[in-house]
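# Coordinate inspection notes
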Amino acid sequence: MKGYEFAAASGRNHDESMVRRDFHAAKAVGGIRYGRYYLFQQGITKWLYIDYNDIVWAYRHLEDVQSRLGRRTAGVEMHILMIVTRDRKRIGVPVGSEENAVAVLRVIQQRNAFVDIGFAKEKEEKYL
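Residues numbered from 1 in each chain as written. Predicted model: local features only at pLDDT ≥ 70, side-chain atom pairs only at ≥ 80, totals over all residues. Heavy atoms only, no water.

### Section: the sheet that holds strand S2 (residues 27–29)
For clarity, the threshold we go by: In this scheme, strands are said to pair when DSSP sees at least two bridges between them. Strands are runs of DSSP state E lasting at least 2 residues, helices are runs of H or I lasting at least 4, and numbering of each runs from the N terminus. For helices, the fitted axis covers only the stretch in contact; all axes are lines through C-alpha atoms, and the angles between them, taken along N-to-C directions, range from 0 to 180 degrees. Residues are treated as being in contact if the distance between any of their heavy atoms lies within 4.5 Å.
The strand order across the open sheet formed by five strands is S1-S5-S4-S3-S2, and the pairing between neighbours is mixed. Sheet topology places strand S1 (6–8) and S2 at the edges, where each strand pairs with a single neighbour. Strand-to-strand twist across the sheet, computed as the mean angle between neighbouring axes with direction ignored, equals 30 degrees. In the sheet, strand S3 (residues 32–34) pairs with strand S4 (residues 38–42) via three bridges, with the strands oriented antiparallel. Paired with Arg-33 across the bridge in S4 is Phe-40. Here helix H1 (residues 16–25) sits on the sheet in contact with S1, S2, S3, S4 and strand S5 (47–51), set at roughly 75 degrees to S4.

Right under this line is the structure:
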């Protein structure tokens, strides 16, 4: 399967053959895939990957999006996984449901024991 292209979301590239192997063995949760070493998100033209060891802080963000359907306005909840990397880059990954967000946070914590999970204003000052 050569059709997939990959780009490092945190700016640090890794061996493409290793990334490709991890991608093909990865499991899908919501709109993302998680492998043994990397978390993958579908970008516009490429799959973006993040090394679990580059993640220093992760939390779930709930956003209420208003959309218009004809004359009606409806609110839709979007669950977004927010990831902050060692280089202080914040990456938002839409995951669909609350269950998906919690599942991915668990996977990140299993793969990186040093990651800080959960939002607090103090953490925002510390990591950003």
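### Overview of the pattern of salt bridges
Basically, it comes down to this: Take a side-chain nitrogen of Lys or Arg and a carboxyl oxygen of Asp or Glu: if they are within 4 Å of each other, that pair is a salt bridge. Each residue is placed in one exposure class: buried if its accessible area under a 1.4 Å probe, protein chains only, is under 20% of its type's maximum, exposed if it is over 50%, and partly exposed if it falls in between.
Taken as a whole and assessed by the stated rule, the structure comprises eight salt bridges. For Arg-12, the salt bridge goes to Asp-54, with nearest N and O atoms at 3.3 Å. In this pair, Arg-12 is assigned in the loop between S1 and H1 and Asp-54 in the loop between S5 and strand S6 (55–69), connecting sequence segments 42 residues apart. Judged by relative accessible area, which is 45%, Arg-12 ranks as partly exposed.

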